[in-house]
Each structure stands twice: as structure tokens, then as C-alpha cells.
Amino acid sequence: GQQLNQSPQSMFIQEGEDVSMNCTSSSIFNTWLWYKQDPGEGPVLLIALYKAGELTSNGRLTAQFGITRKDSFLNISASIPSDVGIYFCAGLNYGGSQGNLIFGKGTKLSVKP
Amino acid sequence: EPEVTQTPSHQVTQMGQEVILRCVPISNHLYFYWYRQILGQKVEFLVSFYNNEISEKSEIFDDQFSVERPDGSNFTLKIRSTKLEDSAMYFCASSRVNHGYTFGSGTRLTVV
């Protein structure tokens, strides 16, 4: 089945630093989504990308849908302690049955104050 | 902000027992899903449901699993005879057409 490679697996950064993480796939998706998960909670949608080449921001977060439709990155600028959590990319191909999300393995972000 | 509600938040059950996990999707959403996350691992697709029937399921979703939308608001996942390896967080999600999914907070299922 389709697999997503998400990197890095974990990051330890200082508050105020910028963060970058990415996802790649061997097959194309027509939608890329980025989620954040706090411990014991469900994934919360951060950014949705629907078009190849699309660059979308949500506050300090910026994500891009790669031109090849096989990759996406997420940047967080000026990190703060509450950015701590696990970030998941997810790919989706909408079809007649709406499709299902394929998740990456996550990037665990730790922020030192 | 509308949300997906899941109950219970934590369920402990004995191996071999049946469990029903409950979800109330967002009211104007048409597509409903169950996902599973074993501790420390990625979120995995179980099943999608549209127009009162299963539209897609993964190989994890075997004969022990079933879903139901018993009324206009609830969406349930039943595991008929739980196994130790069914211990995981189970997330319900719902979506409109061609939009990102909204996930619930999950039910932590512990099989002992």
C-alpha cells in the first residue's frame, strides 16, 4: 500500500528557532494534510493543501504541496513551548468513496524554553 | 467550532469481551471514519462509512469489527471478541466532501 516517509523522526530545538519537517511518498496524492497531536488527544488539523505547488500559511505555520504531488513540507517559525507535540503529515486521494488518510510516522517536536 | 465527540474516553475490557466505541460526528458531515493508533505508532485507517454503508476498509478491519450508524447522530465501532493486540487509541473522524477530516479526542481501549 501507499507509504509516507516523514522526517525527521524527532527534533529538539530552542524556543524561538524555526522548524522544518517534510514528507515524501512514492506515489502521488491529490491532498496533503498536516496534523498536530498532543498526548492523549486526537490529531488536530493544522493545514490542508489541495493543489500541487500550493503554499499555505496558518499563523506561524507554513506548508507547501510539492509540484510532483509526492511531497510536502511544514515550517514553524519562531517556535514557542506550546508547539511541543507530534506532527503528522497525511496524504489523501479523493475518489468515489472519499478515500482514506495515509499517515506518516510523525515528527516529535520538543522545545526548550 | 464544531467537534467530533467520542465516548468513553477510556475503556478497560477483558480479553474476549465485546466493546462498543461511540462517536458523534459533526452534524453536516457525510463521511465517517475510524482510525486506530497503537501506542507510539502512527495513526492507521480502519474503515470509512458513507450513505449508511462501508465504503472502504483496511486489512485490520476483519470480521471481529463492525460499524453502525444506529440513528441520525451516532456512529459506533464494535469489536466482537477483543484481543490483547486491540489495545490502542481509537479515533473517530468525519468530513465533508473534499475537505480535511476532523478527529475526535479518541477512546483509549485497554484489553487485559
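As a reminder, the structure under discussion sits directly above these lines.
Residues numbered from 1 in each chain as written. Chains lettered and ligands numbered in written order. Predicted model: local features only at pLDDT ≥ 70, side-chain atom pairs only at ≥ 80, totals over all residues. Heavy atoms only, no water.

1. Things to note about the environment of Leu101(A)
With respect to the helices and strands, Leu101(A) occurs in the loop between β9 (85-92) and β10 (102-103). According to the relative accessible area criterion, Leu101(A) is buried, its value standing at 1%. Note: C-alpha distance between Leu101(A) and Cys89(A) (12 residues apart in sequence) is 9.5 Å. Not counting chain neighbours up to four residues away, the residues in contact with Leu101(A) comprise Leu33(A), Tyr35(A), Ala90(A), Gly91(A), Leu92(A), Tyr35(B), Phe45(B), Tyr101(B) and Phe103(B). (Helix = DSSP H or I, 4+ residues; strand = E, 2+ residues; numbered from the N terminus. Buried < 20%, exposed > 50% of the residue type's maximum accessible area, 1.4 Å probe, protein only. Contact = heavy atoms within 4.5 Å.)

2. What to know about the nonpolar core
In terms of nonpolar packing, the biggest core is built from 22 residues, with Trp32(A), Trp34(A), Leu74(A) and Leu109(A) touching the most fellow members. Put simply, the parts of the chain that give this core at least two residues each are β2 (10-14), β3 (19-25), β4 (31-37), β5 (44-49), β7 (61-65), β8 (71-76), β9 and β11 (107-112) of chain A. Judged by nonpolar contacts, the second largest core, of 21 residues, contains Val19(B), Trp34(B), Val67(B) and Leu77(B). (Core = buried A, V, L, I, M, F, W, Y, C linked by side-chain atoms within 4.5 Å.)

3. What to know about the sheet that holds strand β6 (residues 55-58) of chain A
All names here are of chain A. Reading across from one edge, β1-β3-β8-β7-β6 is the order of the five strands in this open sheet, with antiparallel pairing throughout. Edge positions in the sheet fall to β1 (4-7) and β6, since each of these pairs with one other strand and no more. Each adjacent strand pair in this sheet contributes to an overall mean axis angle of 15 degrees, direction not counted. Relative to β3, β1 runs antiparallel, the two sharing four bridges. Residue pairing in the sheet places Leu 4 in a bridge with Ser 25 of β3. (Pairing = 2+ DSSP bridges. Axes fitted to C-alpha atoms, helices over the stretch in contact; angles between N-to-C directions.)

4. Details of the state of the cysteines
All names here are of chain A. Going through the model one piece at a time under the given rule, you end up with two disulfides over all chains. Covalently, Cys 23 is tied to Cys 89 through a disulfide, its sulfur atoms 1.6 Å apart. The sign of the S-S torsion, about -60 degrees, decides the handedness of the disulfide formed by Cys 23 and Cys 89: left-handed. Of this pair, Cys 23 sits in strand β3 while Cys 89 sits in strand β9; the two residues are 66 residues apart in sequence, bridging distant segments of the chain. (Disulfide = S-S within 2.5 Å.)

5. Description of the interface of chain A and chain B
The partner chain B presents 23 residues to the 21 residues of chain A that form the contact. The tally of links from chain A across to chain B stands at four residue pairs in polar contact (both at pLDDT 80 or more). Of all the secondary structure elements, the ones that give two or more residues to the side of chain A that touches chain B are β4 and β9 of chain A. Per-element tally for the side of chain A that touches chain B: the top contributor is β4(A), with three residues. Each residue belonging to the side of chain A that touches chain B can be placed in one class, and the counts come to 10 nonpolar, nine polar and two charged. (Polar contact = N/O pair within 3.5 Å; in protein donor to acceptor, adjacent residues only side chain to side chain. Nonpolar A, V, L, I, M, F, W, Y, C, P; charged D, E, K, R; others polar.)

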